[in-house]
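# Tertiary structure, described
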Amino acid sequence: MRILCLLSCTALLCGVNGRVANSTGSPQLQQLDDFGSAPVTDAGSSSGLRRERRKRFITQEDMVAILDYHNQVRARVFPPAANMEFMVWDSDLARTAEAWAATCLWEHGPAYLLQFYGQNLSVRTGGYQSILQLVKPWYDEVNDYVFPYPHFCVPSCPLLCYGPMCTHYTQMVWASTNRVGCAVQTCYNMFVWGALWREATFLVCNYSPKGNWIGEAPYKVGVPCSACPSSYGGSCSNNMCFPAVQSNYMYWFK
């Protein structure tokens, strides 16, 4: 069993064939993302191999596990966060993640949507006992991260940049990113960084609002919930700003 680490859509990647692409979020803030190509058909591959896939619906148990894990990580950041928002499951984000996972392309996309949301990807061969086996490596990047900015993997490093990644972790704990939706897909004959994987489990998580803005820290340091957005009405739960109103299109787990 092997697991391959991982791409983060809304930030610079270190050690991904030395390639990155830039996009501009605003005149003051620059956000980096990598590959944003559109999906291709099943039969389209340079080697002539058919890319097969088997749809694998994400279960309610997986949804709860992914969401709870994100909120556990967000609640326990160090130094503590003053403005960390409670994260909820968004079914619209899950649908967009499902559509991209179905392409079985080991790259970020679709390009036209990446300006609106963040994206973390994970892939491993074979099956898994827990969906968190594909999620926890994102958190493990905390070992290479020093608040407020990456230490070894610097977001502004040049095009040829090699080293550990930390931008999956920062997307997970970006304070204003308060929605996530994910999908999982079993893919056959999937190309992963030039290697052909005969069977792969592919996880796509989409985030909104997107994080990893260059020049910004993922959250404000301070007493938990002391800098919550005014729309939260001062409500606090487990060190996180807790929404006062529940939206109909989100699934909530506590």
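Starting afresh in each chain, residues are numbered from 1 along the sequence in its written order. Under the rules for a predicted model, residues below a pLDDT of 70 receive no local features and side-chain atom pairs below 80 are neither given nor counted, while totals for whole chains, interfaces and linings still include all residues. Side-chain numbers come from the whole structure's heavy atoms, not from hydrogens or water.

## A few points about the state of the cysteines
When the sulfur atoms of two cysteines come within 2.5 Å, that pair is taken as a disulfide. What the rule picks out here adds up to 4 disulfides. One disulfide bridge connects Cys 225 with Cys 236, the sulfur atoms lying 2.0 Å from each other. Judged by the torsion about the S-S bond (70°), the Cys 225/Cys 236 disulfide is right-handed. Of this pair, Cys 225 sits in the loop between strand 10 (195–208) and strand 11 (236–237) while Cys 236 sits in strand 11, and the two are 11 residues apart along the sequence. Every helix listed is a DSSP run of H or I at least four residues long, and every strand listed is a run of E at least two residues long, numbered separately from the N terminus.

## So, the packing of aromatic side chains
Stacked, tilted and edge-to-face are the three classes assigned to paired rings of Phe, Tyr and Trp, where Trp is represented by its six-membered ring and a pair needs centres within 6.5 Å; plane angles under 30 degrees give stacked, over 60 edge-to-face, the rest tilted. As enumerated under the stated definition, the model contains 7 aromatic pairs in all. When the centroid spacing of 5.9 Å and the interplanar angle of 70° are considered together, the rings of Trp 106 and Trp 193 count as edge-to-face. Of this pair, Trp 106 sits in the loop between helix 2 (91–101) and strand 6 (118–125) while Trp 193 sits in the loop between strand 9 (179–192) and strand 10, and the two are 87 residues apart along the sequence. Considering the side-chain rings of Tyr 139 and Tyr 169, the 5.9 Å spacing of their centres and the 65° angle between planes classify their relative orientation as edge-to-face. Highlighted residues: Tyr 139 in helix 3 (residues 136–140) and Tyr 169 in helix 4 (residues 167–172), separated in sequence by 30 residues. Throughout this description, buried means an accessible area under 20% of the type-specific maximum (1.4 Å probe, protein chains only), exposed means over 50%, and partly exposed covers the range between. The class for Tyr 169 is buried, based on a relative accessible area of 4%.

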